[in-house]
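Structural features, examined
Next come the chains, spelled out residue by residue.
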Amino acid sequence: MPASKSELHKQAVDPQLDLNKLRGLGPKRREALEAMGVSNQRELLLLFPRSYDDWSTLTPLSEVQEPGLYTFRAEIANRPQFSRRGKLSWLRLRLWDGVTSVQATYFNQPWLREKFQPGDSYIFHGKLDLSGPRKTTINPAFISTDLADQLGMLAIYPLKQGLTQKLLRAAVDQALAQGLASRFTDPLPAQARQDYGLSSLDYALHKIHQPQNPYELSLARKRLAFDELFLLRAAMQFFGQEDLTQLEAPALVTSDRIKAGMRDLRESLPFELTRSQVEAINDVLRDLRQSKPMNRLLQGDVGSGKTMVALFAAAYVGLAGGQSLLMAPTSILAEQHYATFQPYFQSIGLKVNLLLGSTKAADRRSLAEACQSGETSLLIGTHALLQEDLHFQNLVLAITDEQHRFGVKQRANLGSLKQTGGQVPHRLLMTATPIPRSFAMIFFHDLDMSIMRDMPSGRQEVITEIASSQDLPRVYARMRAELENGGQAYVICPLIEESEKTDWESAETTYRDLAERVFPDFRLALLHGRLKAEEKDTIMEAFVDKKIDILVSTTVVEVGVDNPEASIILVKSAERFGLAQLHQLRGRVGRGERQSYCFLHSDSDQDTAQERLQTLVQHTDGFALAEVDLKMRGPGDFLGTRQHGLPSFQLLNIYDDQTILREVNALIDQIDQWPEPERSQELDLISCALSERYPHLERGLVL
Ligand code: ADP
Ligand code: MG
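Rules used in this analysis
Numbers given for residues are sequential positions, taken from 1 along each chain in its written order. Chains and ligands are labelled sequentially in the order written, the chains with letters from A and the ligands with numbers from 1. Where local features are concerned, this predicted model is filtered to residues with pLDDT of at least 70; where side-chain atom pairs are given and counted, the filter is 80 or more; whole-chain, interface and lining totals use all residues. Excluding hydrogens and water, the side-chain figures rest on all heavy atoms present in the structure. In this analysis a 1.4 Å probe is tested at points of a 1 Å grid over the protein atoms alone, and where it fits but cannot get out there is a cavity; an open set with protein on both sides within 12 Å along at least five of seven lines is a pocket; lining residues have an atom within 4 Å of a point. Grid points are joined across faces, edges and corners, and a volume is the space filled by probe spheres set on the points. The helix and strand labels rest on DSSP assignments: H or I over at least four residues marks a helix, E over at least two residues marks a strand, and numbering proceeds from the N terminus. In the scheme used here, Gly and all other residues not listed as nonpolar or charged are polar, with Ala, Val, Leu, Ile, Met, Phe, Trp, Tyr, Cys and Pro taken as nonpolar and Asp, Glu, Lys and Arg as charged. Throughout this description, the term salt bridge denotes a Lys or Arg side-chain nitrogen within 4 Å of a carboxyl oxygen of Asp or Glu. Burial classes follow relative accessibility: with a 1.4 Å probe on protein chains only, a residue under 20% of its type's maximum area counts as buried, one over 50% as exposed, and anything between as partly exposed. Fitted lines through C-alpha atoms serve as axes, helices being fitted only where they are in contact, and the angles separating the N-to-C directions of these axes extend from 0 to 180 degrees. Our angle categories are set so that under 35 degrees counts as roughly parallel, over 145 as roughly antiparallel, 65 to 115 as roughly perpendicular, and the remainder as oblique. Left-handed is the label given to a crossing in which the near helix is rotated counterclockwise from the far helix by less than a right angle, and right-handed is the label when the rotation is clockwise. For this analysis, residues touch if any pair of their heavy atoms sits within 4.5 Å. Throughout this document, a residue counts as near a molecule or strand when at least one of its heavy atoms sits within 4 Å of that molecule or strand. For the purposes of these results, a polar contact is taken to be a pair of N or O atoms within 3.5 Å, where, inside protein, one atom must be able to donate a hydrogen and its partner to accept one; residues adjacent in sequence count only when each atom of the pair is a side-chain atom. This arc describes the spread of directions from the helix axis toward the C-beta atoms. In this scheme, strands are said to pair when DSSP sees at least two bridges between them.

**Here's the deal with the layout of surface pockets**
- Taken as a whole, the second largest pocket encloses approximately 950 Å³ of empty space.
- In terms of lining, the second largest pocket is formed by 33 residues, of which the most central are Phe271, Gly303, Gly305, Arg459 and Asp562.
- For the lining of the second largest pocket, the elements supplying multiple residues, two or more each, are α11 (306-319) and α12 (331-347).
- In terms of residue count, the dominant contributor to the lining of the second largest pocket is α12 (five residues).
- For the lining of the second largest pocket, the residue count by class is ten nonpolar, 14 polar and nine charged.

Spelled out as structure tokens, the structure:
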């Protein structure tokens with residue numbers, strides 16, 4: 001039998017693995033490591049370098065044709081020239097490799113004057129600049145030529161303040177020297193390792209940290225990337241949620257009366273449904289007529305009109321005498337849905353109720369009764385609904401809006417919504433985060449999909465522009481014009497961690513600057529994650545009610561709030577966000593008649609950052625963007641894994657590693673067919689490996 005969750009939690013981490021067993025890691029540094037999710041030596045080894053400094057390839061200077069980072073052997077050709085001005089000092093010297101020379105400059109390292117003697121040779125490692133008449137380099141690192149045969153690749157780790165590369169490398173080195181790499185459970189069957197040409201786990205864990213050359217690194221990477229996907233797919237396959245195919249849901253029967261009600265509903269709409277909406281509604285209604293529980297993901301870009309699909313589905317259920325639940329991630333969204341549904345439901349003689357965290361106890365009781373008696377056809381609320389001890393007379397359908405915002409736990413609870421008779425409700429999950437096919441294959445293979453590709457007609461495309469800090473006055477002028485014209489604005493700031501000394505702009509600083517200096521004559525509010533849920537709701541409501549002109553916010557605002565009057569959004573330090581997320585943010589405007597604007601502020605001069613933002617300027621289609629995003633960043637961040645409870649891939653790139661994808665799928669299928677006891681033994685191994693590598697992973701992680 002696979003280890004159950006409780007058994008897994010019993011496998012406490014060996015005290016031998018404490019970080020304080022490693023030299024050089026005092027309490028401060030351990031704290032910094034902890035902030036990076038590293039609380040013991042095992043997790044330290046699982047913190048893979050984000051890049052490498054390659055000292056392993058020596059390049060003759062004459063072969064250097066393009067600027068870049070190089071390792072080269074050279075001789076000190078002249079006596080270094082030393083200069084000083086105030087606090088600044090610099091040392092100039094010529095390096096020569098027998099054929100070509102390089103001008104090197106060292107800033108503020110006066111002691112090198114004594115060290116570098118003409119005629120001495122070193123191995124240098126630094127960026128070569130070719131823009132001038134001769135090659136130049138600034139502050140290149142160097143080591144003695146005696147070490148030439150030990151040159152390898154130096155790991156570069158993601159760092160927090162208080163840590164250095166040197167420190168991390170030394171700590172990892174100690175852990176490796178003590179043989180920790182060999183103490184990880186290797187979940188791969190030996191045959192599979194042979195079939196797919198994978199290194200041992202021990203080797204891979206060593207070489208991912210200390211590769212001697214790019215080839216060793218590629219072996220390590222391949223093995224560990226394989227493991228990432230293998231363990232995740234195994235977790236889903238063998239320890240995932242209960243198998244819905246074994247369960248039954250109520251199958252609805254259509255009648256003329258129901259058809260008439262649906263027709264009335266459609267005719268009472270102020271607009272024509274889009275083709276996508278009609279198709280999605282048909283998908284859902286077809287599923288509802290089956291006893292096989294529906295498990296359908298409805299994907300539609302922001303503003304594509306997913307709410308209508310929920311409305312028709314719930315109306316159909318109601319007309320057929322069943323009940324539905326609709327869960328939204330925030331109360332403000334739940335209230336908006338209630339306001340949308342209420343008149344339509346009333347017109348076809350159905351009852352809708354709203355249940356929020358703030359609902360009074362007496363109202364709760366009567367609500368509970370209305371659910372139990374079957375009087376309520378649709379109950380709308382936040383996920384707080386799941387904590388309620390609600391009994392339904394005939395719960396047929398559970399709808400989750402903005403699925404990507406719900407945590408794993410809440411999702412699990414949803415799965416356990418059962419009713420008398422042991423039937424489960426049909427499930428409809430709605431998300432505005434487009435999920436690329438390659439991603440869906442891994443994570444959502446057990447879900448049916450409805451994808452809405454067309455938008456309601458008459459929408460104006462949001463005009464998107466990139467703006468540097470220098471452009472901000474112009475952006476603010478545009479904003480002022482919008483506000484004076486009755487529009488509203490969002491200003492989004494990247495999240496900051498107080499302890500981190502980064503250049504990220506704090507939402508608070510931005511808020512103060514805008515309120516005091518730029519827009520003193522307008523009403524501003526600040527929304528951030530540290531506010532209580534009710535405080536957030538109050539602010540959002542005030543914004544929707546036009547009592548606030550500019551909402552300065554961290555990304556908490558991302559969720560699908562509909563404020564048609566908001567016509568301009570400025571995202572500060574936009575390069576900090578994922579494309580999918582920026583697209584979501586942009587979807588906050590352009591929801592009404594007004595021409596809307598999205599300004600992506602960025603001072604990053606990195607090509608990739610500019611390129612990413614440029615794709616947003618070019619594409620307004622969320623699906624196209626999601627593919628681009630996934631290609632650029634890998635899936636780790638794609639859905640915001642923290643919210644999902646999905647482990648992020650550090651190494652796997654599902655675009656580049658398509659072979660691994662196929663191999664892993666084949667292997668998992670194979671293992672599933674193994675006879676006992678081999679199958680169970682393998683599952684035990686997988687289970688151990690999972691708890692070692694993803695100690696915080698929750699089981700049942702599939703939607
Ligand atoms: P989302 O898919 O982002 O949840 P909504 O359901 O909130 O989108 O719809 C966005 C807006 O479009 C709403 O104001 C809604 O009334 C409107 N809408 C929905 N369907 C149509 C349609 N077929 N034609 C015109 N407007 C529509
Ligand atoms: Mg929505």
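Resuming the write-up.
**Some thoughts on the pattern of salt bridges**
- According to the stated counting rule, one finds 19 salt bridges in the structure shown.
- We note a salt bridge from Glu482 to Arg478, for which the minimum N-O separation is 3.1 Å. Linking Glu482 with Arg478, this pair stays in helix α16 (residues 472-484), spanning four residues, or about one helical turn.
- The class for Arg478 is partly exposed, based on a relative accessible area of 31%.
- Note that Glu565 and Arg594 form a salt bridge whose closest N and O atoms lie 3.5 Å from each other. In this pair, Glu565 is assigned in the loop between β20 (550-553) and β21 (566-571) and Arg594 in the loop between α19 (579-586) and β22 (597-601), connecting sequence segments 29 residues apart.

**Things to note about the packing of helix α9 (residues 256-267) against α11**
- Put simply, α9 and α11 touch, their axes get as near as 9 Å, and they point 150 degrees apart. Comparing their axes, α11 and α9 come out roughly antiparallel. Of the two elements, α9 crosses α11, and the hand of that crossing is right-handed. On the side of α9, the interface is formed by Arg257, Ile258, Gly261, Met262, Leu265 and Arg266, while α11 contributes Leu311, Phe312, Ala315, Tyr316 and Leu319.
- Taken together, the residues that form the contact of α9 with α11 break down as eight nonpolar, one polar and two charged.

**Describing the site of ligand 1**
- Looking at ligand 1, there are 17 residues lining it, with Glu272, Gly303, Lys306, Thr307 and Arg459 nearest.
- With respect to ligand 1, the backbone of Gly303 contributes an N or O atom lying 2.6 Å from an oxygen atom.
- Interatomic distance of 3.0 Å between a backbone N/O atom of Gly305 and an oxygen atom of ligand 1.
- Broken down by element, the shell around ligand 1 gets its largest block of residues, three residues, from α11.
- When the residues that make up the shell around ligand 1 are grouped by side-chain class, the tally is five nonpolar, six polar and six charged.

**Some thoughts on helix α17 (residues 507-518)**
- Of the positions making up α17, those classed as buried are Ala507, Thr510, Leu514 and Val518. Buried residues of α17, seen end-on, are gathered within an arc of 75 degrees and therefore sit on one face of the element. Exposed positions of α17 whose direction lies more than 90 degrees from the buried face are Glu516 and Arg517.
- Buried residues in α17 make contact with α16, β18 (488-492), β19 (524-527) and β20.

**Quick look at the sheet that holds β20**
- Read across the open sheet, the six strands follow the order β17-β22-β21-β18-β20-β19; overall the sheet is parallel. On the outer flanks of this sheet lie β17 (463-467) and β19, each paired with one strand and no other. Each strand of the sheet is rotated relative to its neighbour by a mean of 15 degrees, with strand direction disregarded.
- In this structure, β17 lies alongside β22, joined through five bridges in parallel fashion. Looking at β22, one finds that Thr464 is bridged to Cys598.

Nothing here speaks to function; it is all geometry.
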